[in-house]
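# A look at the structure
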Amino acid sequence: MTEALKLTELSKSFPVGGGFLAASRGTVKAVHPISLTVQQGETLGIVGESGCGKSTLARMLVGLLEPTTGTIEIDGAALDNADPAIFGKRIQYVFQDPISSLNPRKTIRQIMEAPLKRLYGMDRAQRDTRISEIFASVNLREEFLERYPHEFSGGQAQRIGIARALAANARILILDEPVSALDVSVQAQVLNLLADLKKEFSLTYLFISHDLAVVEAVSDRIAVLYFGSVVELGPAEEIFRAPRHPYTKLLADSAPVVGRPLTAPESKDTELPDPLNPPPGCAFAARCPRSSDRCRKEVPRLEGDRVQAACFHPLDGD
Ligand SMILES: Nc1ncnc2c1ncn2[C@@H]1O[C@H](COP(=O)(O)OP(=O)(O)OP(=O)(O)O)[C@@H](O)[C@H]1O
């Protein structure tokens, strides 16, 4: 298999402080250094609670945020932040809220045309051909092109969002909670469409969601994020059924996962650490039923073969 995406020590910190005249009050480390690879054709699921850094990671990957440290490589070539067009041709973002992510004052044709003009300088005839092809692939009628975003249902708008991402010919899509704003019946249609498109265009997906059952169903591998770090990474069919990291177990115990009954979570504490004053050791130690003195002093590294966990006292995965 070939590597589609490679992240090396990618991190993001935000200076935070009291107003633009006052000095910065500190730094929020939204994403701690992350190194991982995604193979061509793979779907990597990324799960974690609100505030764990999912959006910050995704926004770096599409060039919307400049990383504080680290590199992003696509098909072996490093992405250069100075040239957003390079990102646009290789990696695209599908937003959670399909209607509000589309410019309300533009027709769907104008929305679809924008990346074709900006990234490829296509003339009118070339753009029309490309848009017709993509619309056929996502099962949208061409008469929709002259309408405005508010005229569509959530499911149709998400198809348009996916079509826009595909128009740029990128082979990697960041799907940021792509179905969580949709009705359950429509969710299944959009997930099926994403599966079909993946085959048709040999796409690679990063599928970000807080919905464990959806992530488990669509992913080949899953990365569990906690407080800006990957704490567990492994095959989708294993990770929630036989968690190694106590945080993954907490997630799996508190959410419906196929083939695993809900149990009462061992940890009742739901507080995330203060991002302005992070703990010195493992960020999960204060919530973890297995934590030791070592956990409160040292940061565990992600280790293992098929399944990797960043934990000094991992569960045995049975
Ligand atoms: N521009 C910013 N300035 C300061 N802190 C930020 C900024 N953006 C994000 N953060 C902080 O970084 C951390 C990660 O935020 P992020 O939005 O990436 O998490 P998330 O997992 O996507 O959450 P959600 O699911 O709620 O969107 C949070 O502590 C957040 O408050």
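This structure is a prediction, so every number in the text was calculated from the model and none was measured.

## Points about the overall build of the protein
- For the protein, the count of helices and strands is ten helices and eleven strands.
- The C-alpha radius of gyration computed for the protein amounts to 21 Å, which stays within 12% of the reference 20 Å derived for 318 residues, consistent with globular compactness.
- Projected onto its principal axes, the C-alpha positions of the protein cover 65 × 55 × 35 Å.
- Across the 318 residues that make up the protein, the buried fraction comes to 42%.
- In the protein, the proportion of contacts linking residues at least 24 apart, taken out of those at least 6 apart, comes to 65%.

## Describing helix 9 (residues 246-254)
- Along helix 9, seven of the nine residues are buried, which leaves the element largely enclosed by surrounding structure.
- When helix 9 is considered as a whole, its buried residues turn out to be Pro-246, Tyr-247, Thr-248, Lys-249, Leu-250, Leu-251 and Ala-252.

## Comments concerning the site of the ligand
- Surveying the vicinity of the ligand reveals 13 residues, the closest of which are Phe-14, Ala-30, Ser-50, Ser-55 and Thr-56.
- Counting only elements with at least two residues in the shell around the ligand, the list comes to strand 1 (3-17), strand 2 (24-39) and helix 1 (54-61).
- A per-element tally of the shell around the ligand places helix 1 first, with three residues.
- Across the shell around the ligand, the residue classes break down as six nonpolar, six polar and one charged.

## Re the nonpolar core
- Membership of the largest hydrophobic core comes to 85 residues, with the highest contact counts inside it found for Ala-163, Leu-173, Ile-174, Leu-206, Val-224 and Tyr-226.
- It is helix 5 (residues 154-167) that provides the largest number of residues to this core, a total of seven residues.
- The residues touching Leu-173, leaving out its near neighbours within four places in the chain, are Gln-92, Val-94, Ala-165, Leu-203 and Tyr-205.

## Focus on the pairing of strand 7 (residues 172-176)
- Burial within strand 7 is extensive, with five of its five residues counted as buried.
- Of the two faces of strand 7, both are covered, the one formed by Ile-172, Ile-174 and Asp-176 as well as the one formed by Leu-173 and Leu-175.
- As paired elements, strand 6 (residues 91-94) and strand 7 share four bridges and run parallel to each other. When the sheet's bridge partners are listed, Gln-92 is paired in strand 7 with Leu-173.
- With five bridges joining them, strand 7 and strand 8 (residues 204-208) adopt parallel strand pairing. If you follow Leu-175 over to strand 8, its bridge partner there is Phe-207.
- The handedness of the strand 7 to strand 8 crossover, carried by helix 6 (residues 184-201), is right-handed.

## Things to note about unusual backbone geometry
- Look at Glu-9: it is not a glycine, yet its phi comes out positive at around 50°.
- When you line up the elements, Glu-9 lands in strand 1.

## Observations concerning the sheet that holds strand 7
- Taken in spatial order, the seven strands line up as 6-7-8-3-9-10-11 in an open sheet, and their pairing is mixed. Only two strands of the sheet have a single neighbouring strand rather than two, namely strand 6 and strand 11 (308-309).
- Examined bridge by bridge, strand 3 (residues 43-47) and strand 8 share four bridges and lie parallel to one another. Within the sheet, the bridge partner assigned to Leu-44 lies in strand 8 and is Leu-206.
- Where helix 1 meets the sheet, its contacts fall on strand 3, strand 6, strand 7, strand 8 and strand 9 (221-226), and the angle it forms with strand 7 comes to roughly 155°.
- Against the sheet, helix 9 makes contact with strand 3, strand 9 and strand 10 (229-235), and its axis sits at roughly 100° relative to strand 9, the strand it touches most.

## Quick word on helix 5
- The end-to-end C-alpha separation of helix 5 is 20 Å, in line with the 20 Å expected for 14 residues at 1.5 Å each.
- Among the 14 residues of helix 5, twelve are classified as buried, and the element is accordingly described as predominantly covered.
- Buried residues of helix 5: Gln-156, Ala-157, Gln-158, Arg-159, Ile-160, Gly-161, Ile-162, Ala-163, Arg-164, Ala-165, Leu-166 and Ala-167, and no others.
- As for helix 5, its buried residues are in contact with strand 6, helix 3 (108-120), helix 4 (124-137), strand 7 and helix 6.
- Where helix 5 terminates, the next one or two residues include Asn-169, which has phi positive at roughly 70°.

The rules behind these values
Residues numbered from 1 in each chain as written. Predicted model: local features only at pLDDT ≥ 70, side-chain atom pairs only at ≥ 80, totals over all residues. Helix = DSSP H or I, 4+ residues; strand = E, 2+ residues; numbered from the N terminus. Rg over C-alpha atoms; globule rule 2.2 N^0.38 Å. Buried ≥ 20, exposed ≤ 12 C-beta atoms within 10 Å, placed from the backbone. Contact = placed C-beta atoms within 7 Å. Near = placed C-beta within 6 Å. Nonpolar A, V, L, I, M, F, W, Y, C, P; charged D, E, K, R; others polar. Core = buried A, V, L, I, M, F, W, Y, C linked by C-beta atoms within 7 Å. Pairing = 2+ DSSP bridges. Right-handed = clockwise from strand over helix to strand, strands pointing away. Axes fitted to C-alpha atoms, helices over the stretch in contact; angles between N-to-C directions. Expected span 1.5 Å × (residues − 1).

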